[in-house]
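Results of the structural survey
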Amino acid sequence: MIRNLHDIIPPVVIGHRGYRTKYPENTLSSFAAAIAAGTDMIELDVTLSRDRKLVVIHDDTLNRTTSGFGPIHDMNLRELKRLDAGSWFDSRFAGESLPTLKEVLILAGGKILINIEIKSSAWESGFPEDAIERQVVNLIIQHDLLNSTLISSFHAGFLENIVGLPVHPEISFITDRKVLQNTLDICKQLSVFSWHPHYKSLEQRHIEEAHAQGIFVFPYTVNLVEDMRKLVSMGVDGIITDDPVWAGSKPALLAAHAETGRVCQNIF
Ligand code: G3P
Ligand code: MG
C-alpha cells in the first residue's frame, strides 16, 4: 500500500469516484471498497454547499445521484445530509449520504492516496478567505495528509491559487478530449505532479513531452482492458478507472507494463 505520493512506482490504479462500477459513486461505501480492494489511489469530486461546506459529489445538481433535485449550491449541508445518495444505484445502499470531504479524509487518510478534484463550477474570482481551494488545502493540512493527497482540476485558476499558498499538496491539471497546444506549458508553469488527460485525447508525443518534464500521466476514464493495455504500452504512469478491481486491476496493469517497461523519472 502506497502512503506517500513520492513513493509511487508506476503504473498505479486510481479508483474513479471510488469503486464506481459496483458502488454508488463518491460515497463512503465506494471509497471503503476501493481501499479494501487494494487500489493505489481514490479520485473524488468536491464542491461547495450553500453554506460553503466541502461536499463530495460529481454533478452540479442533485438529480442523478441523490433523492434530491436542483443545484447543490442552493442547499445547506444540513439539508444535503438528509438526502439518499445510495438508492439510485441499488436499494442495498439506501441511506448512504453525501459525504463531506472531512468524512472521506477520516475514512481514507493514511490508508490510500487521495486525488481530490475541485469542480470548475465552484470557481470564484478574488480568492476569498473561504474559497474552496483554500478550504481543501487547510483540511488536508489539518489531517496531516500533505504527502498523500493530490488536488486536481480542469480549472487552472484553482491550481494557480494553490501553488501560491505557503504550504500546499501536489497538484494535477485535468484536460478534456481536446489537448490544447499549451496544455503541457501550463503543466510545466504550475509544476504539476501529474497531468490527467481524457484517454482518447492522448498521443505518444504528449506522454514523452510530459515525461521529459518529470510529469506523471494518469488518463481517465479507462474501463476496458484493451484500452488499458494500449495506454500502458504508450507509457502512461497509471490509469483512472471506474473498475479498480477488474479493468484496472494491478496485476493486469503490471503485466502490461512489464512488456514495455516505460517509466517516468518524476522529479520531485
Ligand atoms: O479526474 C478525472 C476525472 O474525474 C475528470 O472527469 O467529470 O469524471 O470528474 P469527471
Ligand atoms: Mg472527477
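Let us look at the structure shown here. As the structure is a computational prediction, the values presented were derived from the model and not from experiment.

Listed in full, the buried residues belonging to helix H3 (residues 101–108) are Leu101, Val104, Leu105 and Ala108. The buried residues of H3 occupy an angular sector of 100° when projected down its axis, which confines them to one face.

A word on the pairing of strand S9 (residues 238–241). Burial along S9 is two-sided: Gly238 and Ile240 and Ile239 and Thr241, pointing in opposite directions, are all buried. In the sheet, strand S1 (residues 12–16) pairs with S9 via four bridges, with the strands oriented parallel. Within S9, the residue paired with Val13 across the bridge is Ile239.

Before going further, it helps to spend a moment on unusual backbone geometry. Put simply, Pro10 and Pro11 share a cis peptide bond, and its omega is 5°. Within the element layout of this structure, Pro11 appears in the segment before S1. Here Tyr220 and Thr221 are connected by a cis peptide whose omega angle stands at -25°. By secondary structure assignment, the location of Thr221 is in the loop between strand S8 (216–217) and helix H8 (225–234). Located in the positive-phi region is Arg17, a residue other than glycine, with phi close to 55°.

About the cut-offs
- Residues numbered from 1 in each chain as written.
- Chains lettered and ligands numbered in written order.
- Predicted model: local features only at pLDDT ≥ 70, side-chain atom pairs only at ≥ 80, totals over all residues.
- Heavy atoms only, no water.
- Buried < 20%, exposed > 50% of the residue type's maximum accessible area, 1.4 Å probe, protein only.
- Helix = DSSP H or I, 4+ residues; strand = E, 2+ residues; numbered from the N terminus.
- Arc of directions from axis to C-beta.
- Pairing = 2+ DSSP bridges.

Scope: geometric values only; no functional claims are made or implied.
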